[in-house]
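Results of the structural survey
Below, each chain spelled out in residue letters.
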Amino acid sequence: MNSFYALVDCNNFYVSCERVFNPRLRKRPVVVLSNNDGCVVARSEEARALGIGMGEPFFQCKGLLQRHGGVALSSNYTLYADMSTRVMDVLSTFIPDVEIYSIDEAFLFFSYAADPVALGQEIRKKVKKWTGIPVSTGIARTKTLAKAAAHIAKKTPYLDGVFVLEKQEEIKRALKQITIDDVWGIGRNYAKFLRSRGIFTAFDFICLEKDFVQQHLTVRGVGTFLELKGIPCFNMEIDEKRPKSIITSRSFASEVYSLTDLKQAIATFIHIGAQKLRQKKLLTSYVHVFLKSNRFKENYYSRHSTLQLIPSTNYTPFLIEKAHLALEKIYSPDHGYKKAGIMFTGLEPQKGRKLTFFELDKNKRQKQEQLMQVMDRINARWGRGTLTIAATGLEKKCFSRRGYKSPDYTTRWEDLPVVRAGHIS
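Reference entry: report on the structure contained in this document. (Residues numbered from 1 in each chain as written. Predicted model: local features only at pLDDT ≥ 70, side-chain atom pairs only at ≥ 80, totals over all residues. Heavy atoms only, no water.)

**Regarding the packing of aromatic side chains**
Both the distance between ring centres and the angle between the ring planes are used here to describe each pair of aromatic rings. To keep it simple, the criterion reads: Any two of the Phe, Tyr and Trp rings considered here, Trp counted by its six-membered ring, make a pair once their centres fall within 6.5 Å; the pair's planes then place it as stacked at under 30 degrees, edge-to-face at over 60, or tilted in between. Only runs of H or I of at least four residues qualify as helices and only runs of E of at least two qualify as strands under DSSP, and these elements are numbered from the N terminus.
Taken as a whole and assessed by the stated rule, the structure comprises 16 aromatic pairs. Seen from their ring centres, Tyr14 and Tyr77 are 6.0 Å apart, and the 75° between their planes marks the pair as edge-to-face. Note that Tyr14 is positioned in helix α1 (residues 13-21) and Tyr77 in helix α4 (residues 77-91), a separation of 63 residues in sequence. When the ring of Tyr77 is compared with that of Tyr80, the centres are 6.0 Å apart and the planes differ by 85°; the resulting orientation is edge-to-face. One end of the pair, Tyr77, and the other, Tyr80, are both in helix α4, 3 residues apart, so they sit about a helical turn from each other.

Rendered as structure tokens:
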């Protein structure tokens with residue numbers, strides 16, 4: 001096997017992150033919950049075996065989980081993001097160009113390996129040793145087949161976490177095991193369309209005529225069709241694509257009536273969103289603010305407001321100032337709000353930014369950029385929220401309910417695990 005793609009997929013990632021720092025969770029049913037502890041968003045294999053479904057409301061499975069000695073945890077995205085970075089850093093020791101596909105998946109491209117299975121096992125062992133996270137690895141000549149191989153590697157214990165799709169007979173058998181809904185690149189609507197025409201597996205899909213696929217599916221769908229046949233169509237995407245928008249929002253644990261509290265929440269969302277802008281080296285030209293009351297009550301209230309930013313920026317204090325103006329336009333004291341959020345659009349690269357007549361003080365802009373760089377470096381080193389803007393609140397209000405949250409083991413000094421050595425006489 002000459003050149004090939006390897007898709008490395010972390011197993012039950014959120015649960016695995018929790019188990020790294022809390023060994024008592026191993027071999028027990030564990031679920032991770034969504035914002036406000038509402039629904040199940042991740043499950044251990046033991047929880048799956050109990051029949052707990054993805055997206056199932058927590059109140060429905062709480063009793064079942066407790067009867068079997070299970071544990072529920074609130075989502076700890078700070079921990080998961082940091083552990084994801086560590087996994088990706090380990091993968092970059094095998095090859096510099098790593099395409100991060102999601103928080104728990106990445107593609108690697110190898111021009112040659114004498115024994116792909118041995119390479120896959122080496123990846124698994126190194127990631128496990130350095131981070132504690134178990135992974136599965138799928139290897140094939142195309143990215144879509146590598147994704148399929150990883151899916152099978154994760155579901156088939158005797159493969160020991162690594163599956164190579166190379167021979168045509170192996171590919172055919174594998175594609176017969178994968179439902180059309182699980183094919184990478186086939187969305188929900190297209191899967192429904194294909195099922196209505198008797199296409200239930202990935203193998204059924206590649207048996208179609210190419211003309212039919214071109215007529216009824218998108219260009220992406222045609223690429224998926226060819227990739228499943230072993231023809232590479234999707235190259236590595238190392239340079240992160242510029243997003244069209246950046247959104248930060250939250251549902252509140254209880255209704256929020258106070259404009260002051262809403263301003264604090266919006267400032268917090270801006271602080272998070274602006275940091276994402278700077279990480280991606282982007283500026284925003286528009287800030288949108290939206291509010292929603294409880295949709296299950298009478299007089300449902302949903303409003304949004306947009307302000308254009310001249311010049312475009314990623315400077316947090318300026319964005320907070322404008323977002324608060326937008327909030328005041330749509331706020332009504334007659335409603336309690338269950339959700340609020342902000343969105344940045346009109347994104348453009350910071351490098352080569354368009355200058356405007358209003359940018360007269362170049363030194364002021366440079367000082368703003370330097371201030372944000374210092375704040376981002378401190379937060380990256382000591383944990384998000386170490387240094388923030390006063391508008392986010394000196395006394396942090398917890399608008400979301402996270403009653404089962406684990407400590408931020410890797411980003412807060414206060415949450416570092418403590419080990420005490422026993423005295424031996």
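So, next bit.
**Observations concerning the pattern of salt bridges**
So the rule is basically this: Only one rule defines a salt bridge in this text: a Lys or Arg side-chain nitrogen within 4 Å of an Asp or Glu carboxyl oxygen. Here the term buried applies to any residue with accessible area under 20% of the maximum for its type, exposed to any over 50%, and partly exposed to those in between, with areas from a 1.4 Å probe on protein chains only.
In total, this model carries 15 salt bridges according to the counting rule given. Put simply, Arg86 and Asp82 hold a salt bridge, and the shortest N to O gap is 2.9 Å. Taken together, the residues Arg86 and Asp82, both in helix α4 and 4 residues apart, mark about one turn of the helix. Exposure remark for Arg86: the relative accessible area of 38% places this residue in the partly exposed category. With its nearest N and O atoms 3.9 Å apart, the salt bridge here joins Lys172 to Glu169. Taken together, the positions of Lys172 and Glu169, both in helix α7 (residues 168-177) and 3 residues apart, correspond to about one turn of that helix. Judged by relative accessible area, which is 33%, Lys172 ranks as partly exposed. The class of Glu169 is partly exposed, set by a relative accessible area of 45%.

**Considering the layout of surface pockets**
Quick reminder of the rule: Each cavity reported here is a set of points on a 1 Å grid over the protein atoms alone in which a 1.4 Å probe fits but cannot get out, each pocket an open set with protein on both sides within 12 Å along at least five of seven lines, and each lining residue one with an atom within 4 Å of a point. Grid points are joined across faces, edges and corners, and a volume is the space filled by probe spheres set on the points. Polar here means any residue outside two lists: the nonpolar Ala, Val, Leu, Ile, Met, Phe, Trp, Tyr, Cys and Pro, and the charged Asp, Glu, Lys and Arg; Gly therefore counts as polar.
Approximately 580 Å³ is the volume found for the second largest pocket. Considering the residues around the second largest pocket, the lining is formed by 22 residues, among which Asn11, Asn12, Arg19, Glu45 and Pro134 are closest to the centre. Elements with a minimum of two residues in the lining of the second largest pocket: α1, α2 (45-49), α5 (116-131) and α6 (143-155). In terms of residue count, α1 provides more of the lining of the second largest pocket than any other element does, 4 residues in total. Of the residues contributing to the lining of the second largest pocket, the split by class is 5 nonpolar, 7 polar and 10 charged.

**A few points about empty space enclosed by the protein**
What the rule picks out here adds up to 1 cavity of 30 Å³ or more. What the largest cavity holds in volume is close to 60 Å³. In terms of residue count, α6 provides more of the lining of the largest cavity than any other element does, 4 residues in total.

**Focus: helix α12 (residues 259-279)**
Heads up, the condition is: To estimate the expected span of a helix, subtract one from its residue number and multiply by 1.5 Å. Any pair of nitrogen or oxygen atoms within 3.5 Å is treated as a polar contact; in protein, a donor-acceptor pairing is required on top of that, and neighbouring residues in sequence qualify only through side-chain atoms on both sides.
For α12, built from 21 residues, the straight-helix expectation of 30 Å at 1.5 Å per residue is met to within 8% by its first-to-last C-alpha distance of 30 Å. Extensive coverage of α12 is indicated by the burial of 15 of its 21 residues. Measuring from the side-chain oxygen of the N-cap residue of α12 to the backbone nitrogen of Thr260 gives 3.1 Å; that N-cap residue is Ser258. Taken from the residues just after α12, Lys281 is the one with a positive phi, measuring 55°.

**Considering the state of the cysteines**
By definition, a disulfide links two cysteine residues through a covalent bond between their sulfur atoms. How we decide: In plain terms, two cysteine sulfur atoms within 2.5 Å form what is called a disulfide here.
Applying the stated criterion to the full structure yields 0 disulfides. Among the cysteines around Cys39, which has no disulfide bond, Cys61 carries the closest sulfur, lying 9.2 Å off. Using a relative accessible area of 29% as the deciding quantity, one classes Cys39 as partly exposed. Unpaired in terms of disulfides, Cys207 finds its nearest cysteine sulfur in Cys233, a separation of 18 Å.

Purely geometric stuff here, so don't read any function into it on its own.
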